[in-house]
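The primary structure of each chain is shown beneath.
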Amino acid sequence: MAGETVITIMGNLVDDPELRFTPAGHAVAKFRIASTPRTFDKSTNEWRDGDSLFLTVTAWRKLGENIAETLKRGDRATVVGALKQRSYEDREGIKRTVYEIEAEDVAASLSRATAIVTKATGQTGQRSPQQPAQGFQAPAANPWDTGQQQTRGYSDEPPF
């Protein structure tokens, strides 16, 4: 993404991600996201929504596949990617310009939802929640245990 305009947008998916494959077999997911600014109007003592910004997002390869498996219409997400401008002529011959994001990363918002994160593998794309991620080592039973006997449930010594 060197030399490109990088943008971060938080918003809600307007439609379900659509997953397609190129003739070469590369996955690409496409969806739209809407971001609506919200400001507090002190004179009326209430929140007001501004004009929504709608952008089309494309995500390639494994990122696109993971998005299609994870997100759906209405989900809140954060998208980081390159802002692209594309011009074309419509059916009536009018020149149009659209702005799109080619995603580098997409994250589900956890402000109003929960998620179980699983590391995607090259083979199946998923692992069971009970199976630890590759390279993960379980911590010791008590990483703060110094081996000293504590009295009355605490110690004056720091655990390091």
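Relevant structure appears above.
These notes cover the structure that comes with them. Each chain carries its own residue numbering, running from 1 in the written order of its sequence. At least 70 in pLDDT is required for a residue's local features to be given in this predicted model, at least 80 for side-chain atom pairs to be given and counted, and no such filter applies to totals for whole chains, interfaces and linings, which use all residues. Hydrogen atoms and water are omitted, and side-chain values are computed over all heavy atoms in the structure.

This part covers the packing of aromatic side chains. Remark: the centre distance and the inter-plane angle together describe each pair of aromatic rings, the angle taken between the planes. Pairing of aromatic side chains requires ring centres within 6.5 Å, counting the rings of Phe and Tyr and the six-membered ring of Trp. Pairs whose planes differ by under 30 degrees are stacked, by over 60 edge-to-face, and all others tilted. Taken as a whole, this structure holds 1 aromatic pair when the rule is applied. Between the aromatic rings of Phe 40 and Trp 47, the centroid separation amounts to 5.3 Å while the plane-to-plane angle is 65°, which identifies the pairing as edge-to-face. Its relative accessible area of 37% is what places Phe 40 among the partly exposed residues. Relative accessible area decides the class of each residue, using a 1.4 Å probe on protein chains only: under 20% of the type maximum gives buried, over 50% gives exposed, and in between gives partly exposed.

Before going further, it helps to examine the pattern of salt bridges. Side chains that carry opposite charge are capable of pairing whenever their charged atoms lie near each other. One speaks of a salt bridge when a side-chain nitrogen belonging to Lys or Arg is within 4 Å of a carboxyl oxygen belonging to Asp or Glu. Evaluation of the coordinates by the stated rule reveals 10 salt bridges. Note that Lys 72 is salt-bridged to Asp 75, the shortest N-O span being 3.2 Å. Under the relative-accessibility criterion, Asp 75 is labelled buried at 18%. For Arg 86, the salt bridge is made with Glu 100, and the minimal N-O distance between the two is 2.8 Å. A residue pair is termed long-range when its members are at least 10 positions apart, and Arg 86 in strand β7 (residues 76-89) and Glu 100 in strand β8 (residues 95-108) qualify at 14 residues. Since its relative accessible area comes to 18%, Glu 100 is described here as buried. Counted as one network, the salt bridges with shared partners bring together Asp 41, Glu 46 and Arg 48. Numbered from the N terminus, helices here are DSSP runs of H or I no shorter than four residues, and strands are runs of E no shorter than two.

Two faces, one strand: in a regular strand the side chains alternate between the faces of the sheet. The pairing of strand β2 (residues 18-21) with strand β3 (residues 27-35) spans 4 bridges and is classified as antiparallel. By the bridge assignment, Phe 21 is partnered in β3 with Ala 27. Strand pairing is defined by DSSP finding a minimum of two bridges between the two strands. What sits between β2 and β3 in their antiparallel hairpin is a turn of 5 residues, with Gly 25 showing a positive phi close to 95°.

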